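Each chain is listed here by its residues.
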Amino acid sequence: MGADWHPEHFRCSVCQQPITDSRFYVHDGQPCHPTCFADNIAPRCVICNKPLTSRYHANYWGDTFCTDHTETLAPCNYCGRLVPHATKKTRRRSIDDIRCNICASTAIEHAPQAQHLLPPLIAWLEQQGVRFRHKNFRLELLDRTDFLSREGGRRDPLGLTTSTRYMRNRRVDHAVVDSIAIVKGLPATLFEGVCVHEIGHVWLVQHNIVNLPIMDEEGFCEWLAHRHYLAVGSKADRFYAQRIAQNSSPIYGDGFRKLKRLEDRVGFDQIIQSLLRKKKLPL
Ligand SMILES: [Zn+2]
Ligand SMILES: [Zn+2]
Ligand SMILES: [Zn+2]
Ligand SMILES: [Zn+2]
């Protein structure tokens, strides 16, 4: 450490015993035994609990873990944390089963629970000037298999708004919302964002804004969900907001980024007013 010491004075900062070996760690400018460092100071792996004394990984959530787990374990479908009981082989067999315990602990599994979460989200949107003609639409939770087999609606990866569209001269003349359905088992934060997205579709239908290009419609709904995540602002909300902003999809991701640029230019209210009056986005 660039200084001369009496052997009995060169002591470990953890156990206060002399360090006789030439191998030692320096932590906060203080020497310590390698074993004392590993047992008391080094971060632990969240998967196997081993002390991490050399290279290791850290994820968005602040978890630290051994580098080699990323090669064998599959990430949670929702939050991306590695799931101890799911290997990459499990993932190939069934892509939908991988959910970590943290996401499972807040999962929305029952329709009454889901229905209960809806009114505050509608109230939040109305505060922003996104007002509804009817607020009594039905919310269902669907198993993934039922969700994937459901026809006749606007389907997003995790939600589905079903409406009946009435045509005139091959254009949609008007439409009526029948229900929205959301995949069962989403963690609560994601559920709320998906809900806001689907309620965005409902709002468009209720105001007869039914001929938007798909990129504009999905971009608008993603933009509302993103706004909600930022308004709530928890670490999980910011995670899902980031996922919307970084989505590489030419419909969802590019659509969101188009709305965001528009908002920067003309403002939130102007976008809502243009949709209400002209049934399209401002130029
Ligand atoms: Zn020690
Ligand atoms: Zn480990
Ligand atoms: Zn998770
Ligand atoms: Zn959508």
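To start, this report covers the structure provided alongside it.

**Quick look at the environment of Tyr229**
Moving on, step 1. Take Tyr229: it is sitting in helix α8 (residues 214-232).
Moving on, step 2. When the C-alpha atoms of Tyr229 and Gln242 are compared, they prove to be 9.3 Å apart, with 13 residues separating the residues in sequence.
Moving on, step 3. Discounting residues that sit within four places of it in the chain, Tyr229 has contacts with Gly193, Asp237, Arg238, Tyr240 and Ala241.

**What to know about the packing of α8 against helix α10 (residues 252-266)**
Moving on, step 1. Two numbers describe how α8 lies on α10: the axes approach to 7 Å, and their chain directions differ by 70 degrees. By the criterion of interaxial angle, the relationship of α8 to α10 is roughly perpendicular. Listed contacts from α10 to Met215, Asp216, Glu218, Gly219, Phe220, Glu222, Trp223 and His226 of α8 are Tyr252, Asp254, Gly255, Phe256, Lys258, Leu259 and Lys260.

**Points about the nonpolar core**
Moving on, step 1. In this structure, Ile182, Leu186, Phe191, Val194 and Val202 are the most contacted members of the largest nonpolar core, which totals 50 residues.
Moving on, step 2. Secondary structure elements with two or more residues in this core: β6 (82-87), α5 (111-127), β10 (171-183), α7 (188-206), α8, α9 (235-245) and α10.
Moving on, step 3. Per-element tally for this core: the top contributor is α7, with 10 residues.
Moving on, step 4. Among all residues touching Phe191, those that are not within four sequence positions of it are Ile108, Leu117, Ile182 and Leu186.
Moving on, step 5. Ile19, Tyr25, Cys32 and Phe37 belong to the second-largest nonpolar core, a separate cluster that totals six residues.

**Concerning α10**
An α-helical turn contains 3.6 residues, so a residue and the one three or four places further along point in the same direction.
Moving on, step 1. Over its 15 residues, α10 runs 21 Å from end to end, which matches the ideal 21 Å to within 8%, given 1.5 Å per residue.
Moving on, step 2. On its buried face, α10 sits against α8, α9 and α11 (268-278).

**Comments concerning the pairing of β6**
Moving on, step 1. Where strand β5 (residues 73-75) meets β6, two bridges bridge the pair, whose relative direction is antiparallel. Within the sheet, the bridge partner assigned to Leu73 lies in β6 and is Thr87.
Moving on, step 2. Connecting β5 to the next strand, β6, in antiparallel fashion are six residues, including Gly80 with a positive phi near 80 degrees.

**Side note on the environment of Phe268**
Moving on, step 1. Along the chain, Phe268 turns up in helix α11.
Moving on, step 2. Counting along the chain gives 113 residues from Phe268 to Arg155, while the straight-line C-alpha distance between them is 25 Å.
Moving on, step 3. Not counting residues within four places of it along the chain, the set of residues in contact with Phe268 comprises Gln128 and Glu263.

**What about the pairing of strand β9 (residues 159-168)?**
Moving on, step 1. Sheet topology places strand β8 (residues 154-155) next to β9; two bridges connect them, and they run antiparallel. Note that in β9 the partner of Arg154 across the bridge is Thr161.
Moving on, step 2. Here β8 folds back onto β9, and the loop between the two strands holds three residues.
Moving on, step 3. For β9 and β10, the ladder comprises 10 bridges, and the chain directions are antiparallel. The residue of β10 that forms the bridge with Met167 is Val172.
Moving on, step 4. Taking the residues between adjacent antiparallel strands as the criterion, β9 and β10 are bridged by two residues, where Asn169 takes a positive phi near 50 degrees.

**Some points on the sheet that holds strand β7 (residues 138-142)**
Sheet strands pair by backbone hydrogen bonding; their relative direction is either parallel or antiparallel.
Moving on, step 1. If you trace the four strands from one edge of the open sheet to the other, you get β7-β10-β9-β8, paired in mixed fashion. The open sheet has two free edges, formed respectively by β7 and β8, since each of these has just one partner strand.
Moving on, step 2. Note that β7 and β10 share five bridges and pair parallel. Looking at β10, one finds that Leu142 is bridged to Val183.

What counts and how
Residues numbered from 1 in each chain as written. Chains lettered and ligands numbered in written order. Predicted model: local features only at pLDDT ≥ 70, side-chain atom pairs only at ≥ 80, totals over all residues. Helix = DSSP H or I, 4+ residues; strand = E, 2+ residues; numbered from the N terminus. Contact = placed C-beta atoms within 7 Å. Axes fitted to C-alpha atoms, helices over the stretch in contact; angles between N-to-C directions. Parallel < 35°, antiparallel > 145°, perpendicular 65-115°, else oblique. Core = buried A, V, L, I, M, F, W, Y, C linked by C-beta atoms within 7 Å. Buried ≥ 20, exposed ≤ 12 C-beta atoms within 10 Å, placed from the backbone. Expected span 1.5 Å × (residues − 1). Pairing = 2+ DSSP bridges.

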